[in-house]
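Understanding the architecture of this molecule
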Amino acid sequence: MGFARTCSVALLGVEGVVVEVQADLEPGVAAFTLVGLPDKSLSESRDRVRAAVVNSGAEWPQKKLTVGLSPASVPKSGSGFDLAIAASVLGAAERIDPRAIADLVLIGELGLDGRVRPVRGILPAVLAAADAGYRQVVVPEQTAGEASLVPGVSVLGVRSLRQLIAVLTDEPAPEEEPTEEGRPDAMLAGLLLPGAGLGTGLSTGPGDPTEGPDLADVAGQHRARRALEVAAAGSHHLLLSGPPGAGKTMLAERLPGILPPLSRQESLEVTAVHSVAGILPPGEPLVRRAPYCAPHHSATMQSLVGGGNGLPRPGAVSLAHRGILFLDEAPEFSGKALDALRQPLESGHVVIARAAGVVRLPARFLLALAANPCPCGRHTLHGAGCECPAALVRRYQARLSGPLLDRVDLRVEAEPVTRADLLGQGSRGESTAAVAERVREARARAATRLADTPWTVNSEIPGHELRTRHLTAPGALAEAERDIERGLLTARGLDRVLRVAWTVADLAGHDRPDHQDIALALELRTGIARGVPVGAGERA
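Residues numbered from 1 in each chain as written. Predicted model: local features only at pLDDT ≥ 70, side-chain atom pairs only at ≥ 80, totals over all residues. Heavy atoms only, no water.

1. Looking at the overall build of the chain
Put simply, the rule reads: Segments assigned H or I by DSSP are reported as helices when at least four residues long, segments assigned E as strands when at least two residues long, and all are numbered from the N terminus. Note on exposure labels: buried denotes an accessible area under 20% of the residue type's maximum, exposed denotes more than 50%, and partly exposed covers the range between, all computed with a 1.4 Å probe on protein chains only. Only heavy atoms matter for contacts: two residues are in contact if any of them lie within 4.5 Å across the pair.
Secondary structure assignment for the chain yields 23 helices and 16 strands. The proportion of buried residues among the 540 residues of the chain is 51%. Across the chain, the fraction of contacts at a sequence separation of at least 24, relative to all contacts at a separation of at least 6, is 73%.

Shown next, in the form of structure tokens:
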């Protein structure tokens, strides 16, 4: 009787569980049994592994073969277990030393010819292996760069099962046929899901802010530009409302350019989500810029928060993690889909329960909404001929529910562009590079102030901390207190005003928010003019 074991990783959302792959050979009629709660694609690995072993020059054992995936209670899916199953079978057959694979983690799909094909989710799988104490992993050659992002782990990238056998047995490595230059690499098909990123309007932003759309191209909209800067500096949620053609979408598309680059930890989080979703670009193992996700207004609730058959897959809120989720024509989204955003807006993650299991996915994003005032869009324009009945206008505006809007920090009216602004007769606005530099400095001030806390930006500070440890200037909250008494602000609204005020103060270089910073935060929150200049908060 022969026995061997090695390890692989099962992914549950973006979290991994190390799975022990055991192979047992017994005398009897030749058969191959796979146990351990596999799905359909994993059950088919029996045929793939058998053909790959034979075509790699090894002999397939003609005995009763049982392969077990432990723990058996964890659902396992995908083809990434092929390489571990093949190695355990060859170890049980004594083609390779079972001790050589006992402490290895192997991830990869096998082709019938023995080539090792890449699979999605390599980064979170290797992270799970490292957390479990494993220090040696074997992955497909195309994903070795992604696996190498995990510190303290030795990564071996292999192109074929023959190469892996040679490495484990200290035999000469076989000659591999070189890939012809310019020829499409079919092996990369396992990394990208068709339409997975296109359906959400996903992009990871330019490598350099100057490469993307420039804020200087936006005519007028000084107050909206100011709100955009505050939103980027403190990661505050933003609602842009106004008539069609005012530039709401144009402004939102320039928001990624003024966000600072992701930190190392944030990059790993974003890369892990994109790797699982199958939208990580080949040759770019680490996402360094904040993602920008803009789903169509016909998107379902499952496509926004996550779902799918079997274990849930990441939705738009997770694909926009540490970046921007832009909902253009927000009132056209279904009410069910919009209200599903409430939990991730507060908690920074989404928990999806399905019959196949419960998955927790990261979802800490900056929400940007764009909305027209009525179905025809001319309700706020004087003399523009809006014919929408008052009841229709109220129903249209009510599609953005009160609880959802209460979680939006900044609400700005995008005014129609004047002829002077459009024809370049007005002053040209600041460029993306200039605003991005100011945002970066404000973020650095906030990070210094919050150095000994678990938070990094102002929008994450709990209300209790704001009211007890991060105090404003004396008398600065007088106007906000009056708004609470009038019912214009809720308790959550006051906390959000304080967070915005701290961001305005950081942009201005103030030690703490003063009366003018609070007034600007209130104006951006309620839309009621407070007599604050548009440029308030900027350094002189």
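Moving on, there is more to tell.
2. Re the sheet that holds strand β11 (residues 292-293)
Note the following rule: Should DSSP find at least two bridges between two strands, the strands are regarded as paired.
Overall, parallel pairing links the five strands, which are arranged β11-β12-β15-β10-β16 in an open sheet. Either end of the sheet is taken by a strand with one partner, and the two such strands are β11 and β16 (410-413). Where β11 and strand β12 (residues 324-327) come together, two bridges link them in parallel fashion. In the strand pairing of β12, Tyr 292 is matched with Ile 324.

3. Overview of the environment of Glu 44
By secondary structure assignment, the location of Glu 44 is in the loop between α1 (40-43) and α2 (45-55). Distance in space between the C-alpha atoms of Glu 44 and Leu 34 is 9.6 Å, their sequence separation being ten residues.

4. Section: the nonpolar core
We apply this condition: Buried residues of nine kinds, namely Ala, Val, Leu, Ile, Met, Phe, Trp, Tyr and Cys, make up a nonpolar core once their side-chain atoms join them within 4.5 Å.
Membership of the largest hydrophobic core comes to 56 residues, with the highest contact counts inside it found for Leu 238 and Ile 258. Here this core takes eight residues from helix α22 (residues 491-508), the largest share from any one element. Residues in contact with Leu 238, not counting those within four places in the same chain, are Ala 227, Leu 228, Ala 231, Leu 367, Ala 368, Leu 369, Val 408, Leu 410 and Val 412. Formed by 38 residues, the second largest nonpolar core is a distinct cluster that contains Val 67, Ala 86, Leu 106 and Val 138.

5. Concerning the side chain of Arg 289
What counts here: In the analysis that follows, any N or O atom pair within 3.5 Å is treated as a polar contact, provided that within protein one partner can donate a hydrogen and the other can accept it, and provided that, for residues neighboring in sequence, both atoms belong to side chains.
Following the sequence through the fold, Arg 289 ends up in the loop between α11 (264-277) and β11. With relative accessibility at 6%, the residue Arg 289 sits in the buried group. Within the local environment of Arg 289, its side chain forms a polar contact with the backbone oxygen of Pro 256, the two atoms lying 3.1 Å apart. A distance of 3.1 Å separates a polar atom in the side chain of Arg 289 from the backbone oxygen of Leu 259.

6. Quick look at the packing of α2 against helix α3 (residues 82-92)
Rules: Note on definitions: angles span 0 to 180 degrees between N-to-C directions of axes, and those axes are lines fitted to C-alpha atoms, for helices only across the stretch in contact. Should an angle lie under 35 degrees it is considered roughly parallel, over 145 roughly antiparallel, and from 65 to 115 roughly perpendicular; all remaining angles are considered oblique. In this scheme, a crossing is called left-handed if the near helix is turned counterclockwise away from the far one by less than a right angle; it is called right-handed if the turn is clockwise.
Closest axis-to-axis distance for the α2/α3 pair is 10 Å, and the angle between their directions is 60 degrees. By the angle class used here, α2 and α3 are oblique. Taken as a pair, α2 and α3 cross one another with a handedness that is right-handed. Residues Ser 45, Arg 48, Val 49 and Val 53 of α2 pack against Asp 82, Ile 85, Ala 86 and Leu 90 of α3.

7. Some remarks on the packing of aromatic side chains
For any pair of aromatic rings, the description consists of the separation of the ring centres together with the inter-plane angle of the planes. The condition that has to hold: Any two rings among Phe, Tyr and Trp, with Trp reduced to its six-membered ring, count as a pair given centres within 6.5 Å; such a pair is stacked if its planes are under 30 degrees apart, edge-to-face if over 60, and tilted if neither.
Applying the stated criterion across every chain, the model contains two aromatic pairs. Ring centres of Tyr 292 and Phe 326 lie 6.3 Å apart, and the angle between their planes is 25 degrees; on these two criteria the pair is classed as stacked. Of this pair, Tyr 292 sits in strand β11 while Phe 326 sits in strand β12, and the two are 34 residues apart along the sequence. For the pair shown, Tyr 292 and Phe 326 are each scored as buried.

8. What to know about unusual backbone geometry
A negative phi angle characterises most non-glycine residues, just as the trans form characterises most peptide bonds. Of note, the amide linkage connecting Ser 70 to Pro 71 takes the cis form, showing an omega dihedral of 5 degrees. As for its placement among the helices and strands, Pro 71 is situated in the loop between β4 (64-70) and α3. The backbone phi angle of Glu 94 is positive, close to 65 degrees, even though this residue is not glycine. With respect to the helices, strands and loops of the structure, Glu 94 is situated in the loop between α3 and α4 (98-101). With relative accessibility at 66%, the residue Glu 94 sits in the exposed group. Although it is not a glycine, Asp 170 adopts a positive phi angle of roughly 60 degrees. Its place among the elements puts Asp 170 in the loop between α7 (161-169) and α8 (222-234). Classification of Asp 170 as exposed rests on a relative accessible area of 73%.

9. Examining α8
Stated formally: The span one expects for a helix is its residue count, reduced by one, times 1.5 Å.
With 13 residues, α8 should cover 18 Å at 1.5 Å per step; its first-to-last C-alpha distance of 19 Å lies within 8% of that length. With eleven of 13 residues buried, α8 lies mostly within the body of the structure. Those residues of α8 lying buried are Ala 224, Arg 225, Arg 226, Ala 227, Leu 228, Glu 229, Val 230, Ala 231, Ala 232, Ala 233 and Gly 234. Backbone geometry just downstream of α8 places Ser 235 in the positive-phi region, at approximately 60 degrees.

10. Examining the pairing of β4
Here strand β2 (residues 15-26) runs beside β4; their pairing, made up of seven bridges, is antiparallel. The residue bridging Glu 26 from the neighbouring strand is Lys 64, located in β4. Here strand β3 (residues 31-35) pairs with β4 via five bridges, running parallel. Paired with Thr 33 across the strands is Thr 66, a residue of β4.

11. Considerations on the side chain of Glu 465
In this fold, Glu 465 is placed in helix α20 (residues 463-468). Leaving out residues up to four positions away in the same chain, Glu 465 has contacts with Trp 455 and His 470.

12. Regarding the packing of α8 against helix α19 (residues 432-449)
Our working definition: Residues are sorted three ways: Asp, Glu, Lys and Arg are charged, Ala, Val, Leu, Ile, Met, Phe, Trp, Tyr, Cys and Pro are nonpolar, and all the rest, Gly among them, are polar.
Direction vectors running N to C along α8 and α19 enclose 40 degrees, while the axes themselves pass 8 Å from each other. In terms of their interaxial angle, α8 and α19 are classed as oblique. When the axes of α8 and α19 are compared, the crossing they make is right-handed. Contacts from Glu 229, Ala 232 and Ala 233 in α8 reach Val 435, Arg 438, Val 439, Ala 442 and Arg 443 in α19. Within the contact of α8 with α19, the residues separate by chemical class into five nonpolar, no polar and three charged.

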